[in-house]
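Observations on the three-dimensional arrangement
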Amino acid sequence: MTASTLPALRPLTLGQYQVWPPVVLAPMAGITNVGFRRLCREQGGGIYVCEMITTRALVERNPKTLRMIAFGADEQPRSLQLYGTDPEITAAAVRIVVERDLADHIDLNFGCPVPKVTRRGGGAALPWRRRLFARLVRAAVDAASPAGVPVTVKMRKGIDDDHLTYVEAGLAAQEAGVAAVALHGRTAAQRYSGTADWDAIATLKQALDVPVLGNGDIWEADDALRMVAHTGVDGVVVGRGCLGRPWLFADLEAAFNGRPERRLPSLGEVAVTMRRHAELLVDQFVAGARNSTRGERDGCTDFRKHVAWYLKGFPVGGELRRSLAMIESLAQLDDLLGKLDPAEPFPVATLGQPRGRTNSPGKVALPEGWLASRDDDTVPEGAEMDDSGG
């Protein structure tokens, strides 16, 4: 599959921004902070969304949440994802974003399948209550549109195969005035298991006039091209596929521009990327810390979770892996990276393989009586969360 065999693609339009390539980094809790986003942006173009921010936490000026809304000086558009279940609180949060010029683009989260979210009626459960969903999206769009801030929606197919919502919800979001709709081709019940349903993404694309973005099982740049060819989508959303592989965005830029090159970095090149990632995280945490020593330690601690992803498939001994996943300073990281064999070639057997979170399908936790009425637009009790990030 090459870009020349695809339908003619145009830049993704979000308000005043023309985004090329039409690639979006999905918000991931604990991952898509300002340091990681900069690392990815250094590889290629697109939209890089910060960690999920809860509307209640923003309205209540939660200090942790306010610190999470951080963008690089050259980061445009600044993309912020909001999670909310109450139209009034959501509108208030959007007004804060607009009035304080916190972001250039707002994405609304209706895709989270985590039980602590769905059992309260939030995330992927909320579109089932179609009137509440429509009210919430319209409240966000109405609050953002006077300032020209585009609002998009990210969602799943539905609660499970017996309770699909994606086409109806996509049409409601379009009617409310969103700039685009992104669909993860799984139900909440699937969580991150099985195979993403690209046929459902194609169905949504056929149903809507606004741009549709496809999400699910994009492990390589050529997967993105296949998704576009199969579904006709206007762009793609990449999540777990870039974990430990930020150069995927360089491959995606090449792919969408019709170039054949793909990165297969040696272990030495991966080590350079690991060092850059850790350095960016340290810079981020030092900026928010009372002293540089504490900031360096916190940045290195945040980096630890990425080690296994970077080294996936490489023949690196268990002791060295464990040591790298326990670093407390950049000097310690430099010493350990120096023990890697820089000439070790990239493990091509890992190409196209799932990365990051995997789990089994299961019954979706829902509030009592949630499925009884689709037209009940009562805000679910206790669904607003006061902690951002997922």
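Residues numbered from 1 in each chain as written. Predicted model: local features only at pLDDT ≥ 70, side-chain atom pairs only at ≥ 80, totals over all residues. Heavy atoms only, no water.

**Describing the sheet that holds strand β10 (residues 212-215)**
Paired through backbone hydrogen bonds, the strands of a sheet run either parallel or antiparallel to each other. Threshold: Here, strands pair whenever DSSP counts at least two bridges between them. Numbering of helices and strands runs from the N terminus; a helix is a DSSP stretch of H or I covering at least four residues, while a strand is a stretch of E covering at least two.
In space, the nine strands of this open sheet follow the order β4-β3-β11-β10-β9-β8-β7-β6-β5, with parallel pairing throughout. In the strand order of this sheet, the two ends are held by β4 (47-48) and β5 (53-54), each with one partner. Two strands pair when backbone bridges link them, and strand β9 (residues 180-184) and β10 are joined in this way by four bridges, in the parallel orientation. Each residue of the ladder has a partner; that of Leu183, found in β10, is Gly214.

**What about the pairing of β10?**
Heads up, the condition is: Residue exposure (1.4 Å probe, protein chains only): buried if accessible area is under 20% of the type maximum, exposed if over 50%, otherwise partly exposed. With the strands aimed away from the viewer, a crossover counts as right-handed if its path from the first strand over the helix to the second runs clockwise.
Side-chain alternation along β10 places Val212 and Gly214 on one buried face and Leu213 and Asn215 on a second face that is also buried. Taken together, β9, helix α8 (residues 198-207) and β10 form a β-α-β motif whose crossover is right-handed. Bridging between β10 and strand β11 (residues 235-238) involves three bridges; their strand directions are parallel. Bridge pairing in β11 places Gly214 opposite Val236. Taken together, β10, helix α9 (residues 221-231) and β11 constitute a β-α-β crossover, and its handedness is right-handed.

**Details of the pairing of strand β8 (residues 151-156)**
Along any regular strand the residues' side chains alternate between the sheet's two faces. Most of β8 is tucked away: six of the six residues are buried. Side-chain alternation along β8 places Val151, Val153 and Met155 on one buried face and Thr152, Lys154 and Arg156 on a second face that is also buried. Sheet topology note: the strand β7 (residues 105-110)/β8 ladder contains five bridges and is parallel. Bridged to Ile106 within β8 is Val151. For the segment spanning β8, helix α7 (residues 166-176) and β9, crossover handedness is right-handed.

**A word on the nonpolar core**
The line we're drawing: In these notes, a set of buried Ala, Val, Leu, Ile, Met, Phe, Trp, Tyr and Cys residues joined through side-chain atoms within 4.5 Å is what counts as a nonpolar core. Contact criterion: two residues are considered in contact whenever any of their non-hydrogen atoms come within 4.5 Å of each other.
In this structure, Leu108 and Val137 are the most contacted members of the largest nonpolar core, which totals 70 residues. In terms of residues, this core owes the most to one element, helix α6 (residues 130-144), which gives nine residues. If we skip the residues at most four places from it in the chain, Val137 touches Leu108, Phe110, Val153, Ala173, Ala176 and Val178. Ala271, Phe303, Phe314 and Leu330 belong to the second-largest nonpolar core, a separate cluster that totals 26 residues.

**Description of the packing of α7 against α8**
Definition in use: For helices, the fitted line uses only the C-alpha atoms of the stretch in contact; every axis is such a line through C-alpha atoms, and the angle between N-to-C directions lies from 0 to 180 degrees. By definition, turning the near helix anticlockwise from the far helix through less than a right angle yields a left-handed crossing, and turning it clockwise yields a right-handed one. For this scheme, ten residues count as nonpolar: Ala, Val, Leu, Ile, Met, Phe, Trp, Tyr, Cys and Pro. Four count as charged, namely Asp, Glu, Lys and Arg, and the remainder, Gly too, count as polar.
Packing of α7 against α8 leaves a shortest axis separation of 10 Å and a crossing angle of 35 degrees. Classified by chirality, the crossing of α8 by α7 is right-handed. On α8, the residues touching Tyr166, Val167, Gly170 and Leu171 of α7 are Ala200, Thr203, Leu204 and Ala207. Class assignment of the residues belonging to the contact of α7 with α8 gives a composition of six nonpolar, two polar and no charged.

**Brief notes about a nonpolar patch on the surface**
The condition is simple: Patch membership requires over 30% relative accessible area and the absence of a salt bridge. Like charges are linked within 9 Å, and nonpolar side chains (Val, Leu, Ile, Met, Phe, Trp, Tyr) within 5 Å. Areas reported as accessible are Shrake-Rupley estimates using a 1.4 Å probe. Residue values count occlusion only from the protein chains shown. For salt bridges, the criterion is a side-chain nitrogen of Lys or Arg within 4 Å of an Asp or Glu carboxyl oxygen.
Where nonpolar side chains cluster on the molecular surface, the patch consists of Leu264, Val348 and Leu351 and spans about 250 Å² of accessible area. Here Val348 shows up in the segment after α15 (330-337).

**Side note on unusual backbone geometry**
Going from Trp20 to Pro21, the amide bond is cis rather than trans, its omega being -5 degrees. The residue Pro21 is located in the loop between β2 (17-19) and β3 (23-25) in this model. Residue Pro77 is bonded to the preceding Gln76 through a cis peptide linkage, with omega at -5 degrees. We note that Asp101 has phi near 50 degrees; this positive angle belongs to a residue other than glycine. Considering the arrangement of structural elements, one finds Asp101 in the loop between α4 (87-99) and β7.

**Regarding the environment of Phe71**
Here Phe71 lies in the loop between α3 (63-68) and β6 (79-83). In the structure, Phe71 is positioned 150 residues away from Ala221 in sequence and 26 Å away in space, judged by C-alpha atoms. In this structure Phe71 touches Val34, Arg37, Cys50, Arg78, Ser79 and Leu102, once residues within four positions along its chain are discounted.

**As for α6**
The condition that has to hold: By definition here, a helix of n residues has an expected span of 1.5 Å times n minus one.
Taking 1.5 Å per residue as the helical rise, α6 with its 15 residues ought to reach 21 Å, and the 21 Å between its terminal C-alpha atoms agrees with that figure. Buried residues along α6 sit against α4, β7, β8 and α7.

**Details of the state of the cysteines**
What counts is decided by this rule: Sulfur atoms of two cysteines make up a disulfide when they are within 2.5 Å.
As enumerated under the stated definition, the model contains zero disulfides in all. The structure places no disulfide on Cys40, whose sulfur is separated from the nearest cysteine sulfur, that of Cys242, by 4.9 Å.

**Regarding the packing of α4 against α6**
The following threshold applies: Roughly parallel covers angles under 35 degrees, roughly antiparallel covers those over 145, roughly perpendicular covers 65 to 115, and oblique covers all other angles.
Two elements in contact, α4 and α6, have axes separated by 8 Å at closest approach and are oriented at 20 degrees. What the angle tells us is that α4 and α6 run roughly parallel. Judged by the sense of rotation from one axis to the other, the crossing of α4 with α6 is right-handed. Of the residues in α6, those touching α4 at Pro87, Thr90, Ala91, Val94, Arg95 and Val98 are Leu132, Arg135, Leu136, Ala139, Ala140, Ala143 and Ala144. Here the residues of the contact of α4 with α6 are counted per class, giving 10 nonpolar, one polar and two charged.

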